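# A closer look at the structure
Here is how the chains run, residue by residue.
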Amino acid sequence: MKPFIVRAAAVFGEIAVAVLDTLKDEEEKKRLLDSGIREVDEMTGKEFEKFLDVHFRYFGYSVTLTQDSQDYGADLILYKDGSRTVVQAKRSKNPVGIKAVQEVAGAVRHYKGNKGRVITNNRFTENACKLAKSNDVELWDRKKLIEFILLAKNCK
């Protein structure tokens, strides 16, 4: 009888941990969905990627977050309506330059994407805009990001 009780207690403990982890994940998703541009400005790069992940999922995308290193220039891969969009996320205190555009342009080919997008909480340099145009890379600057955030808040 004693081994049964010990095993039952262990199973109960595993279930409790799983429930707590799920509640913590749901709290984190809610926090990210409730975040505005001021909160984004204070996030780390990894938090910004998770922020985008939660928001795109909210809008019906399937999302894959790439690994932290050797990501080939992509942070997220978005899937919707048969399209694959490769995203480079740049949470930055400075304007984003051509390096991000170069990285995502290469990543589109590597991940066999249909299009590339760079998303930032800042703005893009003139050279980044020119390179994006010639490589068919979509740029989401601070204004576009704010519109995206507000759209999510208005759709709740």
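These lines cover the structure that appears in this document, whether it is placed above or below.

### A word on the pattern of salt bridges
- Inspection of the entire model under this criterion finds 7 salt bridges.
- Where Glu49 meets Lys46, a salt bridge forms, and the shortest distance between an N and an O atom there is 2.9 Å. Of this pair, Glu49 and Lys46 both sit in helix H3 (residues 45-58), separated by 3 residues, roughly a single helical turn.
- A relative accessible area of 10% means that Glu49 is categorised as buried.

### Some points on the environment of Ile77
- Looking at where Ile77 falls in the secondary structure, it is placed in strand E2 (residues 76-80).
- Using a relative accessible area of 3% as the deciding quantity, one classes Ile77 as buried.
- Here the alpha-carbon distance between Ile77 and Leu65, two residues 12 residues apart in the chain, equals 6.5 Å.
- Excluding anything up to four places from it in sequence, Ile77 contacts Ser62, Val63, Thr64, Thr66, Arg84, Thr85, Val86 and Tyr111.

### With respect to the sheet that holds strand E3 (residues 83-90)
- The 5 strands are arranged E1-E2-E3-E4-E5 in an open sheet whose pairing can be described as mixed. Across the chains shown, the open sheet's two edge strands, defined by having one partner strand only, are strand E1 (62-65) and strand E5 (137-140). Between one strand axis and the next, the sheet turns by 25° as a mean value, whatever way the strands run.
- Strand direction decides the pairing type here: E2 and E3, joined by 5 bridges, are antiparallel. Each bridged residue has a counterpart across the sheet, and for Lys80 the counterpart in E3 is Ser83.
- Along the sheet face, helix H4 (residues 98-110) touches E3, strand E4 (115-120) and E5 and points at about 155° away from the line of E3.

### Overview of the packing of H3 against helix H6 (residues 142-154)
- Axis separation between H3 and H6 bottoms out at 11 Å; the angle between their running directions is 50°. It follows from the interaxial angle that H3 and H6 lie oblique. Here H3 and H6 pass one another in a crossing that is left-handed. Across the interface between the two elements, Phe48, Phe51, Leu52, His55, Phe56 and Tyr58 of H3 pack against Leu145, Phe148, Ile149 and Ala152 of H6.

Quick notes on the rules
- Residues numbered from 1 in each chain as written.
- Predicted model: local features only at pLDDT ≥ 70, side-chain atom pairs only at ≥ 80, totals over all residues.
- Heavy atoms only, no water.
- Salt bridge = Lys/Arg side-chain N within 4 Å of Asp/Glu carboxyl O.
- Helix = DSSP H or I, 4+ residues; strand = E, 2+ residues; numbered from the N terminus.
- Buried < 20%, exposed > 50% of the residue type's maximum accessible area, 1.4 Å probe, protein only.
- Contact = heavy atoms within 4.5 Å.
- Pairing = 2+ DSSP bridges.
- Axes fitted to C-alpha atoms, helices over the stretch in contact; angles between N-to-C directions.
- Parallel < 35°, antiparallel > 145°, perpendicular 65-115°, else oblique.
- Left-handed = near helix turned anticlockwise from the far one by under 90°.

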